[in-house]
Amino acid sequence: MTTRVWDYLPEYEQEKADLLDAVTTVFESGQLILGKSVQGFEAEFAAYHGIAHCAGVDNGTNAVKLGLEALGVGPGDEVITVSNTAAPTVVAIDGAGATPVFVDIREDDYLMDTDQVAGAITPRTKALLPVHLYGQCVDLAPLERLAAEHGLAILEDCAQAHGARRNGRMAGTVGDAAAFSFYPTKVLGGYGDGGAIVTDDESVDRNVRQLRYYGMGKRYYVVRTPGHNSRLDEVQAEILRRKLRRLDAYVAGRRAVARRYAEGLGDLTAPGGLTLPVVAEGNEHVYYLYVVRHPRRDEIIERLERYDISLNISYPWPVHTMTGFAELGYAKGSLPVTERLADEIFSLPMYPSLPLDRQDKVISALREVITDL
């Protein structure tokens, strides 16, 4: 049996009764769109973060897009972010009509190099979009200072950081608003697409709720454009309500897998060897992904296929190198750390229900392959 980076079936077997009950609850409720399950999840997800408002939307990409629009970002504006991210982060900026501006990442933890942000600010800059990548948080303190100085909004991309904290502050609770994805692979994932925007700003929440529902201020009456049809599904909301109660347990399970990897692979980290994840000072990592590095990455992945271990690269092509964003004009070498790491990083299997024997298989096979290089 192939061991993959992610597999929902072990979790489903463990939680099947509750998940199927969630579906039955919705089907028997008499309301299938923006009903009690969405309302309940929004209230509970906001409470989990200690935030006043949460608005569910249909996916994480639209969470970023509507979050930007709700903060007043639109055509002619610039949004500063990173290129080492899932493409939807940048697709959402483009979808809002704004122009993405990239800064490089840090060598050790792959997070936004906040020291470069000030130099990227122009008169057109409207928002900062830090990505809490792989399960740990960007240091937002420097961005808060810049935002205050230049009158900028901060939208946190928390798609990979459910439950992560930095210096005690939970991801999604620092900026003006935060966007979450509930794609099935996420730390808190549904059984289909889903997303949400959280904020303490009542006006931002009101904007999101109008934007997600055709721009309507009341039923059948549009008060703003552009409007979207971007509502969180009732079934996914009810599933997420059930899974939210287990989120802390999921995080604990991911950290347990990470500890086993660190213990089993730690002696392979000589110079030029395997680089394990670095947890930035003050961070509480939730290990959405367990990203390692090796200069012979492609050869390692190819050899591990012989052991029926299929790994993933997050992400092999920095966004600024993609042909779809060629018009932004970023030349090769413009983001040197991002580009170099894209040739070396890869992800090991990581999910809380990953069986112990498969964890051991990954450790053993990776040790054999690297030792034999």
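Quick note: structure is the one above.
Throughout what follows, the structure given in this document is the object of discussion. Please read all numbers here as calculations on a predicted model, not as lab measurements.

Reading guide: rules and limits
- Residues numbered from 1 in each chain as written.
- Predicted model: local features only at pLDDT ≥ 70, side-chain atom pairs only at ≥ 80, totals over all residues.
- Heavy atoms only, no water.
- Phe/Tyr/Trp six-rings, centres within 6.5 Å; stacked < 30°, edge-to-face > 60°.
- Helix = DSSP H or I, 4+ residues; strand = E, 2+ residues; numbered from the N terminus.
- Buried < 20%, exposed > 50% of the residue type's maximum accessible area, 1.4 Å probe, protein only.
- Lys NZ or Arg CZ within 6 Å of the ring centre and 35° of its normal.
- Pairing = 2+ DSSP bridges.
- Axes fitted to C-alpha atoms, helices over the stretch in contact; angles between N-to-C directions.
- 1 Å grid on protein atoms, 1.4 Å probe; cavity = no way out; pocket = protein on both sides within 12 Å on 5 of 7 lines; lining within 4 Å.
- Points joined across faces, edges and corners; volume = space filled by probe spheres on them.
- Nonpolar A, V, L, I, M, F, W, Y, C, P; charged D, E, K, R; others polar.
- Polar contact = N/O pair within 3.5 Å; in protein donor to acceptor, adjacent residues only side chain to side chain.
- Salt bridge = Lys/Arg side-chain N within 4 Å of Asp/Glu carboxyl O.

### Some details on the packing of aromatic side chains
And then number 1: Applying the stated criterion across every chain, the model contains twelve aromatic pairs.
And then number 2: Ring plane angle 85° and centroid distance 5.3 Å describe the contact between F45 and F182, whose orientation is recorded as edge-to-face. Taken together, the residues span a long stretch of sequence, with F45 in helix α2 (residues 36-49) and F182 in the loop between β9 (177-181) and β10 (195-199) at a distance of 137 residues. Like F182, F45 is buried.
And then number 3: Among the aromatic residues, those joined into a cluster by ring pairs are W6, Y8, Y12 and Y191.
And then number 4: If you follow K218 out to its NZ or CZ, it ends over the ring of Y221, 5.4 Å from the centre.

### Side note on the sheet that holds strand β2 (residues 53-57)
And then number 1: Taken in spatial order, the seven strands line up as β2-β10-β9-β6-β5-β3-β4 in an open sheet, and their pairing is mixed. Both edges of this open sheet fall to β2 and β4 (99-103), since each of them pairs with a single strand only. On average, each strand axis in the sheet is inclined to that of its neighbour by 30°, with strand direction left out of account.
And then number 2: Two strands pair when backbone bridges link them, and strand β6 (residues 153-157) and β9 are joined in this way by three bridges, in the parallel orientation. Pairing of E156 across the sheet is with A178, part of β9.

### Notes on the layout of surface pockets
And then number 1: There is about 520 Å³ of room inside the largest pocket.
And then number 2: Lining the largest pocket are 28 residues, with A86, Y183, T185, K186 and Y288 sitting closest to its centre.
And then number 3: Among the elements of the structure, α3 (60-70), α4 (87-95) and β9 are those that each provide at least two residues to the lining of the largest pocket.
And then number 4: When grouped by side-chain class, the residues that make up the lining of the largest pocket number 14 nonpolar, ten polar and four charged.
And then number 5: Considering the residues around the second largest pocket, the lining is formed by 17 residues, among which W6, Y8, E11, P184 and K243 are closest to the centre.
And then number 6: A breakdown of the residues in the lining of the second largest pocket according to their chemical character gives eight nonpolar, four polar and five charged.

### Concerning the environment of T371
And then number 1: For T371, the position within the fold is in helix α12 (residues 356-372).
And then number 2: A distance of 2.7 Å separates the side chain of T371 from the backbone oxygen of R367, its partner in a polar contact.

### Observations concerning the pattern of salt bridges
And then number 1: Throughout the structure, instances matching the rule amount to 26 salt bridges.
And then number 2: Ionic pairing is found between D21 and R242, a salt bridge with its closest N-O pair at 3.0 Å. Of this pair, D21 sits in helix α1 (residues 9-27) while R242 sits in helix α8 (residues 234-244), placing them 221 residues apart in sequence.
And then number 3: Taking the relative accessible area as the measure of exposure, R242 reaches 6% and is therefore buried.
And then number 4: In this structure, D372 and R303 form a salt bridge, with 3.1 Å as the shortest nitrogen-oxygen distance. Of the two residues, D372 sits in helix α12 while R303 sits in helix α10 (residues 297-304), which places them 69 residues apart along the sequence.
And then number 5: Overall, the relative accessible area of 56% leaves D372 in the exposed class.
And then number 6: Residue classification places R303 among the buried positions, given a relative accessible area of 19%.
And then number 7: Here the salt bridges share partners, and the residues they tie into one network are E15, D18, D21, E44, E238, R241, R242 and R246.

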